[in-house]
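Structure assessment
Residues per chain, in single letters:
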Amino acid sequence: MKCKNLEICKKKYEKWRKNQERFIPLGTKEHELFLKYFEKDEATLILSRHTDKRQFERVVSTHDINDIIKHGWVIERNLNNKTVTLIILGYTRTYRPIHLVCKILDDKTWKVKTVYSPISKKYKWSKDFQKRICFCKEN
């Protein structure tokens, strides 16, 4: 597949980029705070049923998810209905890029909503998989 409407996506990208310039630093601070608790074994990372299913389908281990939480970085932060969601980019031991979509429940509790490889929809992401460039909806 490819982007269905480059002009609309370019406009949406500019708006997204400006928002993320403000929001990613906040997400990075939230991630750093969670890591402090996580490394001391004082944080809880919940894997949703959807994540369990996707892990199996997409061959992503719980070890991979924990590594990405520890060593990955925030590439997107969204706020919907007072709920903060972060997309964290990291790499598996085999250098496969993975995105984790995490919902922040509180400082010490996060829920992984889904996990995927951005390679599956390369057209939606920049070459380094850090920036969303296509905003077309799937059919």
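Here's a quick rundown of the structure. What you see is a predicted model, and the numbers here were worked out from it, not measured in a lab.

A few words now on the pattern of salt bridges. On inspection of all chains with the given rule, the structure shows 6 salt bridges. With a closest N to O distance of 3.1 Å, R132 and E76 form a salt bridge. You can see R132 sitting in the segment after β5 (109–116) and its partner E76 sitting in strand β2 (residues 73–80), a full 56 residues away along the chain. If you follow the salt bridges from partner to partner, you end up with E14, R17 and E21 in one network.

Bringing the environment of T109 into the picture now. The topology assignment puts T109 in strand β5. For T109, a relative accessible area of 18% puts it in the buried group. Residues in contact with T109, not counting those within four places in the same chain, are F34, T44, I46, K103 and I104.

In this model, D41 sits at a positive phi of 65°, which is unusual for a non-glycine residue. One non-glycine residue, F129, lies in positive phi territory at about 65°. Residue placement: F129 occurs in the segment after β5. With a relative accessible area of 10%, F129 lands in the buried category.

So, about the environment of C134. Secondary-structure assignment places C134 in the segment after β5. On the basis of relative accessible area, C134 is assigned to the buried category, the value being 1%. Expressed as a C-alpha distance, the spacing of C134 and T114, which sit 20 residues apart in the sequence, is 19 Å. Not counting residues up to four positions away in its chain, the partners in contact with C134 are C3, C9, Y123 and K124.

Taken as a class, soluble globular proteins show a tendency for nonpolar side chains to be buried jointly. With 20 residues, the main nonpolar core has L45, I69, I88, L100 and W110 as its most contacted residues. With 4 residues, strand β4 (residues 97–106) is the single largest residue contributor to this core. Apart from the residues within four sequence positions on either side, L100 is in contact with I65, I68, I69, L86, I87, I88, V112, T114 and V115. Of all hydrophobic cores here, the second largest spans 8 residues; its members include Y13, Y123, C134 and F135.

Bringing the sheet that holds β5 into the picture now. Two orientations exist for strands paired in a sheet by backbone hydrogen bonds: parallel and antiparallel. Spatially, 5 strands are ordered β1-β5-β4-β3-β2 in an open sheet, and the strand pairing comes out mixed. Across the chains shown, the open sheet's two edge strands, defined by having one partner strand only, are β1 (44–47) and β2. Direction aside, the axes of adjacent strands within the sheet are offset by 30° on average. Where β2 meets strand β3 (residues 83–91), 7 bridges bridge the pair, whose relative direction is antiparallel. What sits directly across from W73, in β3, is L89. Sheet strands touched by helix α2 (residues 49–58): β1 and β5. Its angle to β5, the strand with the most contacts, is close to 35°.

Here we take up the side chain of T92. The topology assignment puts T92 in the loop between β3 and β4. Setting aside residues up to four positions removed in sequence, T92 forms contacts with D64 and I98.

The next point concerns the packing of helix α1 (residues 6–39) against helix α3 (residues 62–71). For any two helices packed against each other, one specifies the crossing angle of their axes together with the interaxial distance. Across the interface, α1 lies against α3 with an axial gap of 9 Å and an inter-helix angle of 120°. In terms of orientation, α1 and α3 fall into the oblique class. Contacts between α1 and α3 involve H31, F34, L35 and F38 from the first element and N66, I69 and K70 from the second. The residue makeup of the contact of α1 with α3, split by class, is 4 nonpolar, 2 polar and 1 charged.

Parameters at a glance
- Residues numbered from 1 in each chain as written.
- Predicted model: local features only at pLDDT ≥ 70, side-chain atom pairs only at ≥ 80, totals over all residues.
- Heavy atoms only, no water.
- Salt bridge = Lys/Arg side-chain N within 4 Å of Asp/Glu carboxyl O.
- Helix = DSSP H or I, 4+ residues; strand = E, 2+ residues; numbered from the N terminus.
- Buried < 20%, exposed > 50% of the residue type's maximum accessible area, 1.4 Å probe, protein only.
- Contact = heavy atoms within 4.5 Å.
- Core = buried A, V, L, I, M, F, W, Y, C linked by side-chain atoms within 4.5 Å.
- Pairing = 2+ DSSP bridges.
- Axes fitted to C-alpha atoms, helices over the stretch in contact; angles between N-to-C directions.
- Parallel < 35°, antiparallel > 145°, perpendicular 65-115°, else oblique.
- Nonpolar A, V, L, I, M, F, W, Y, C, P; charged D, E, K, R; others polar.

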